[in-house]
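Single-letter residue listing:
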Protein chains: 2
Amino acid sequence: MASLDRSLISGLSVFDGIALADLDRIISQARSIRIPRDQPVFEQEQEAHSFFLLLDGHVRVVKSTPDGHEVTVRYISPGELMGIASALGRTTYPANAVAAADCVVLAWPSQLWPTFAASFPSFSANTYKVVGSRLQDAHARVIEMSTEQVEQRVAHALLKLVKQSGKKTEEGILIDFPISRQDIAEMTGTTLHTVSRLLSAWEDQGLVKSGRQRVVVVEPHRLVVVAEERGSKS
Amino acid sequence: MASLDRSLISGLSVFDGIALADLDRIISQARSIRIPRDQPVFEQEQEAHSFFLLLDGHVRVVKSTPDGHEVTVRYISPGELMGIASALGRTTYPANAVAAADCVVLAWPSQLWPTFAASFPSFSANTYKVVGSRLQDAHARVIEMSTEQVEQRVAHALLKLVKQSGKKTEEGILIDFPISRQDIAEMTGTTLHTVSRLLSAWEDQGLVKSGRQRVVVVEPHRLVVVAEERGSKS
DNA sequence: CCGGCGATTTGCGCTGGCGCAAATTGCAAG
DNA sequence: CTTGCAATTTGCGCCAGCGCAAATCGCCGG
């Protein structure tokens, strides 16, 4: 792990409050790995030998059910941890992680975690903060699935992606990695058909522009309106 | 916290691997609180002043959405931790917790957490294991909501409750606290009407017996079949 | 023993969104 | 440029499950 631009890394929120010397010691024990698009980073049920920090690219975390369904748990953006099973006392990964685009990751052997946690309390605290927010996300997701219609869920999903990985272009905000209707369907618990219909409708209204594995949100504001529509029941 | 039967407490999985002396030090810093049925243990958005261990009773953890929906996140059984926001770096509780039956809880001030974590590594590890399994649960829940029909979700919910809080009776296995159709609906993302219809149907088939705020699972095996039915798609 | 109220049941009609299937399109390799 | 394949679009029919509403039922306080 010699030649990594440390200035890039030290700004990450995972390393908040960590002395530079400590940061060096942490980073020096990581391996840097390139993972080409569509290759796995780690796999469900596999022994959790490492935990990771995504430096570049995007990773899709997916759970497969025994009966063949796939549910996308989340997308990981640069700067985020993943595969931190070891911090939660698990010995296997709970999901599949595949590169949604070419990626660069740092990988630490899992057995380093206890040492890290003891030696670098801030690192541990930051990690658990991440866990906490993922738990929040998961619950938020359950709530969405329980209370919202498909249209709103898809709108929310797009907005989330935009926030996470949006890149300004002249057309609007582009989701910065290849994403198919099927992928969006797996995020929102619907079918690619329904997603396609929604995107077509939104495209007609000028809310988005989309093509093969590509979505540009033209009018985030109006999409927010769609996402919040149909409050009812109050 | 003088007079608590420590033998009861020391067996809890949260305290696995903790020396008795340490256990004493931990417990001696807790307050024991009685909470009557339907009273809150802690509330969403409120400052997370304490974290808790449920000793007796049952607690329902519920999230309220701004638009008035309520989604039940989980039920807590005796021996489980709750309100551990502080371990995840949160300063407020993420949900409401209300006593589903009269309860006894131990409460520790949140500011004790960092000390505990540092002084009793096993306690910390056990806690994070709990967090890990809750994250699992939440994801499992998302997957259920994405891939299963209402009937299967309700069946799963009942089985979960049975596993958590089932009590053998001559009729079958009773869910050991008052639970309404509405409550089950909030656990499964459906309406009390649909839950009522399902329970009625199952009652006709002899799978369950149910009454006002009361459910007895007569034939868990056959309920499991219902829960797994309709695999399809493979 | 008698209201009164919250919980539950049940009927009925409607519809969001899925399943199926066929047509079309855009990308990429040769 | 051509061919092949994967991604996408779109039409059509159907049904699980919700919304609404009315009727019952069972428990608790007085």
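Residue positions are given per chain, counting from 1 as you read along its sequence in written order. The order in which chains are written sets their letters, starting at A; the order in which ligands are written sets their numbers, starting at 1. It should be noted that, the model being predicted, local features are given only for residues of pLDDT at least 70 and side-chain atom pairs only at 80 or more, the latter also being counted only at that level, while totals for whole chains, interfaces and linings use all residues. Excluding hydrogens and water, the side-chain figures rest on all heavy atoms present in the structure.

Focus on helix α8 (residues 220–228) of chain A
Residues and elements named next belong to chain A.
Link 1 in the chain: When we look at burial in α8, the residues that qualify are L223, V226 and A227. Down the axis of α8, the smallest arc covering the buried residues is 100 degrees, so these residues share one side. Away from its buried face, by an angle of more than 90 degrees, α8 presents the exposed residues H221 and E228.
Link 2 in the chain: Residue contacts are counted whenever heavy atoms from the two residues lie within 4.5 Å of one another. Counting from the N terminus, the helices are DSSP H or I runs at least four residues long and the strands are E runs at least two residues long. Of the surrounding secondary structure, the elements contacted by the buried residues of α8 are α5 (150–165), α7 (192–204) and β12 (214–217).
Link 3 in the chain: Looking at the residues trailing α8, positive phi occurs at R230, about 55 degrees. Each residue gets one of three labels from its accessible area relative to the maximum for its type: buried under 20%, exposed over 50%, partly exposed in between, using a 1.4 Å probe on protein chains only. Working definition: the arc comes from the directions between the helix axis and the C-beta atoms, pointing outward to the latter.

Some points on the interface of chain B and chain A
Link 1 in the chain: Taken together, the contact pairs 31 residues of chain B with 31 residues of chain A.
Link 2 in the chain: The contact between chain B and chain A buries some 2,900 Å² in all, and 72% of this surface belongs to carbon and sulfur atoms.
Link 3 in the chain: What qualifies as a polar contact is a pair of N or O atoms within 3.5 Å, subject to a donor-acceptor requirement within protein and to the restriction that residues adjacent in sequence count only when both atoms come from side chains. Taken together, chain B and chain A are joined by two residue pairs in polar contact (both at pLDDT 80 or more).
Link 4 in the chain: Where the side of chain B that touches chain A is concerned, the elements lending two or more residues are β5 (70–76) and α4 (121–147) of chain B.
Link 5 in the chain: With 15 residues, α4(B) is the largest single contributor of residues to the side of chain B that touches chain A.
Link 6 in the chain: Amino acid classes used here: Ala, Val, Leu, Ile, Met, Phe, Trp, Tyr, Cys and Pro are nonpolar; Asp, Glu, Lys and Arg are charged; the rest, including Gly, are polar. Grouping the constituent residues of the side of chain B that touches chain A by class yields 12 nonpolar, 12 polar and seven charged. Two parts placed together each lose some accessible area; with a 1.4 Å probe, that loss summed over both constitutes the buried area.

Concerning the nonpolar core
Link 1 in the chain: Among buried residues, the Ala, Val, Leu, Ile, Met, Phe, Trp, Tyr and Cys ones that are joined through side-chain atoms within 4.5 Å form a nonpolar core. One finds F15(A), W108(A), F123(A), F15(B), W108(B) and F123(B) to be the most contacted residues of the largest nonpolar core, which totals 52 residues.
Link 2 in the chain: In this view, W108(B) contacts F15(B), I26(B), Q29(B), A30(B), H49(B), S50(B), F51(B), F52(B), L53(B) and F116(B); residues no more than four positions away in its chain are not counted.
Link 3 in the chain: Judged by nonpolar contacts, the second largest core, of 28 residues, contains V162(B), L207(B), V226(B) and A227(B).

Points about the domain arrangement of chain A
Residue and element names in this part refer to chain A.
Link 1 in the chain: Structurally, chain A comprises domain 1 (6–145) and domain 2 (148–228).
Link 2 in the chain: Between the C-alpha centres of domain 1 and domain 2 there is a distance of 25 Å.
Link 3 in the chain: A combined buried area of about 1,400 Å² lies between domain 1 and domain 2, and 45% of that area is made up of carbon and sulfur atoms.
Link 4 in the chain: By the criterion of area lost to domain 2, the three top residues of domain 1 are Y75, E144 and M145, representing 44% of everything that side buries. Reported domain spans reflect what an automatic or database domain assignment gives.

As for the relation of the copies chain B and chain A
Link 1 in the chain: For the pair chain B and chain A, the superposition axis carries a translation of 0.0 Å, the fit reaches an RMSD of 0.1 Å, and the rotation angle comes to 180 degrees. Between the two chains, the operation in question is that of a two-fold axis.
Link 2 in the chain: In this assembly, 100% of the residues forming the interface of chain B have copies in chain A that are likewise at the interface, indicating an isologous arrangement. A residue counts toward the fit only if its pLDDT is at least 70 in both copies, and the copies are then superposed by least squares on the C-alpha atoms of those residues.

Side note on the pattern of salt bridges
Residues and elements named next belong to chain A.
Link 1 in the chain: Should a side-chain nitrogen of Lys or Arg be within 4 Å of a carboxyl oxygen of Asp or Glu, the pair is scored as a salt bridge. Following the criterion strictly, the structure yields 16 salt bridges over all chains and no others.
Link 2 in the chain: One salt bridge connects R214 with E171, and the closest N-O pair in it is separated by 2.8 Å. With a gap of 43 residues between them, R214 in strand β12 and E171 in the loop between β9 (166–168) and β10 (173–175) connect regions that are remote in the sequence.
Link 3 in the chain: When its relative accessible area of 30% is taken as the criterion, E171 is described as partly exposed.

Some thoughts on the protein's contact with DNA strand C
Link 1 in the chain: Near residues are defined by distance, with any heavy atom within 4 Å of the molecule or strand qualifying the residue. Surrounding DNA strand C, one finds 17 residues, the nearest of these being T190(A), T194(A), S196(B), R212(B) and Q213(B).
Link 2 in the chain: Counting only atoms of DNA strand C within 4 Å of the protein, the fraction found in sugar and phosphate groups is 61%.
Link 3 in the chain: In the model, a phosphate oxygen of DNA strand C is placed 2.9 Å from a nitrogen or oxygen of the R181(B) side chain.
Link 4 in the chain: In this structure, S200(B) approaches DNA strand C through a side-chain N or O atom, which is 3.1 Å from a phosphate oxygen.
Link 5 in the chain: Mapped onto the surface near DNA strand C, the elements with two or more residues apiece are α7 of chain A together with α7 (192–204) of chain B.
Link 6 in the chain: The leading source of residues in the surface near DNA strand C is α7(B), at four residues.
Link 7 in the chain: Here the surface near DNA strand C is built from residues that sort into one nonpolar, 11 polar and five charged.

Overview of the pairing of β5(B)
Residues and elements named next belong to chain B.
Link 1 in the chain: Counted residue by residue, β5 has six buried out of seven residues, so it is predominantly covered.
Link 2 in the chain: In the sheet, strand β4 (residues 59–64) pairs with β5 via six bridges, with the strands oriented antiparallel. Across the sheet, residue V59 finds its bridge partner in β5, namely I76.
Link 3 in the chain: Counting the residues that bridge the hairpin from β4 to β5 gives five residues, and of these G68 lies at a positive phi of roughly 95 degrees. Two strands pair if DSSP finds at least two bridges between them.

Notes on the pairing of strand β8 (residues 103–109) of chain A
Residue and element names in this part refer to chain A.
Link 1 in the chain: The buried fraction of β8 amounts to five of the seven residues, a majority that puts the element mostly inside the structure.
Link 2 in the chain: Pairing of strand β1 (residues 31–35) with β8 involves five bridges; the strand directions are antiparallel. Looking at β8, one finds that S32 is bridged to L106.

As for unusual backbone geometry
Link 1 in the chain: Here the phi dihedral of D38(A) falls at roughly 75 degrees; this positive angle occurs in a residue that is not glycine.
Link 2 in the chain: Judged by its relative accessible area of 49%, D38(A) falls in the partly exposed class.
Link 3 in the chain: A positive phi angle is found at Q213(B), which is not glycine, with a value near 55 degrees.
Link 4 in the chain: Looking at where Q213(B) falls in the secondary structure, it is placed in the loop between β11 (208–211) and β12 (214–217).
Link 5 in the chain: Among the residues examined, Q213(B) registers a relative accessible area of 35% and is labelled partly exposed.

Examining the protein's contact with DNA strand D
Link 1 in the chain: As a structural note, the neighbourhood of DNA strand D is formed by 17 residues, with S196(A), Q213(A), V150(B), T190(B) and T194(B) the closest of them.
Link 2 in the chain: Counting only atoms of DNA strand D within 4 Å of the protein, the fraction found in sugar and phosphate groups is 65%.
Link 3 in the chain: Between a base oxygen of DNA strand D and a side-chain N or O atom of H193(A), the distance comes to 3.0 Å.
Link 4 in the chain: Taking R212(A), its side chain carries an N or O atom lying 2.9 Å from a base nitrogen of DNA strand D.
Link 5 in the chain: Those elements that provide at least two residues to the surface near DNA strand D are α7 of chain A together with α7 of chain B.
Link 6 in the chain: Broken down by element, the surface near DNA strand D gets its largest block of residues, four residues, from α7(A).
Link 7 in the chain: Partitioning the surface near DNA strand D into residue classes produces one nonpolar, 11 polar and five charged.

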